[in-house]
Amino acid sequence: DSDGMLAQAGALLVVDNYDIFILPPDGRDMGVTVRRGKNLKGVKVNYDSSDVITRIVPEGKNEEGDPLYLTAPGYVDSPRIAEYAFPRAKKIAYDVRVGENEGEFASEDAARAELVQLAQADFDGGIDLPTYGLDVDLVMLEDTENYPDYANLQAIHAYDIVTVIDGLIGLTAQVRMTYYKANLLTGQYE
């Protein structure tokens with residue numbers, strides 16, 4: 001709901017069985033690092049480019065309510081289009097209309113200029129970037145005998161931001177911890 005408490009506060013709702021948490025939307029960065037040679041056992045990088053769009057065909061409405069498109073070439077390309085083997089095009093309808101009412105554009109040229117700006121804004125927002133995820137296998141130092149005094153400093157909680165550094169593969173990334181496995185027999189996280 002766009003009018004609810006979470007939307008108004010810009011917060012994130014996390015439900016863990018019977019526990020409910022309201023967290024900041026950007027997560028919480030407590031400075032915890034996971035690093036090869038310290039507590040990193042392994043990392044798997046997941047790459048997904050299925051939703052990437054590198055060419056937008058923007059659509060608005062003319063005075064009669066019919067579709068309004070850009071003049072030739074009729075699309076807006078991403079600055080990253082050359083990074084992919086072929087263009088990934090999609091028609092996107094924007095709330096741009098030619099007319100005399102408030103919020104409408106006086107001419108088709110002005111509406112087309114706005115369509116170009118909106119398409120560029122989508123590219124600036126990352127519509128042309130793939131998504132990455134990391135599966136990180138780590139040793140929870142708080143569970144070891146050598147770190148009892150530092151357990152609270154190394155604790156990672158759900159939706160915390162953690163910096164993962166693997167110099168062997170040249171990886172440095174900040175990730176949000178979204179799930180974990182717990183071994184109920186040993187009482188430790190895996």
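Above: the structure in question.
Caption draft 1: Representation of the sheet that holds strand β3 (residues 28-35) in the model. Spatially, three strands are ordered β3-β10-β11 in an open sheet, and the strand pairing comes out mixed. Each having just a single partner strand, β3 and β11 (171-176) make up the two edges of the open sheet. With direction set aside, neighbouring strand axes in the sheet form an average angle of 20 degrees.

Caption draft 2: How the structure looks around the pairing of strand β2 (residues 19-23). As paired strands, strand β1 (residues 12-16) and β2 are joined by five bridges and run antiparallel to one another. Looking at β2, one finds that Leu-13 is bridged to Ile-22. In sequence, β1 turns back onto β2 through a hairpin of two residues, with Asn-17 there showing a positive phi of about 55 degrees.

Caption draft 3: Molecular detail of a nonpolar patch on the surface. On the surface, a cluster of nonpolar side chains totalling about 530 Å² of accessible area is made up of Met-5, Leu-13, Val-15, Ile-20 and Ile-22. Looking at the nonpolar patch, the elements with two or more residues in it are β1 and β2. Examined against the element boundaries, Ile-20 turns out to sit in strand β2.

Caption draft 4: Representation of the side chain of Ser-78 in the model. By the element assignment, Ser-78 lies in the loop between β7 (76-77) and β8 (89-97). Judged by relative accessible area, Ser-78 falls into the buried class, the value being 4%. A polar contact is formed between the side chain of Ser-78 and the backbone nitrogen of Arg-80, at a distance of 2.8 Å. Excluding residues within four positions of it along the chain, Ser-78 makes contact with Thr-54, Phe-123 and Asp-128.

Caption draft 5: Region of the structure containing the environment of Asp-149. Residue placement: Asp-149 occurs in the loop between β9 (131-138) and α3 (151-154). Given a relative accessible area of 70%, Asp-149 falls into the exposed group. For the pair Asp-149 and Ala-113, spaced 36 residues apart in sequence, the C-alpha separation works out to 61 Å.

Calculation criteria
- Residues numbered from 1 in each chain as written.
- Predicted model: local features only at pLDDT ≥ 70, side-chain atom pairs only at ≥ 80, totals over all residues.
- Heavy atoms only, no water.
- Pairing = 2+ DSSP bridges.
- Helix = DSSP H or I, 4+ residues; strand = E, 2+ residues; numbered from the N terminus.
- Axes fitted to C-alpha atoms, helices over the stretch in contact; angles between N-to-C directions.
- Patch = residues over 30% accessible without salt bridge, like charges linked within 9 Å, V, L, I, M, F, W, Y side chains within 5 Å.
- Areas by Shrake-Rupley, 256 points an atom, 1.4 Å probe, with all protein chains shown as cover.
- Salt bridge = Lys/Arg side-chain N within 4 Å of Asp/Glu carboxyl O.
- Buried < 20%, exposed > 50% of the residue type's maximum accessible area, 1.4 Å probe, protein only.
- Polar contact = N/O pair within 3.5 Å; in protein donor to acceptor, adjacent residues only side chain to side chain.
- Contact = heavy atoms within 4.5 Å.

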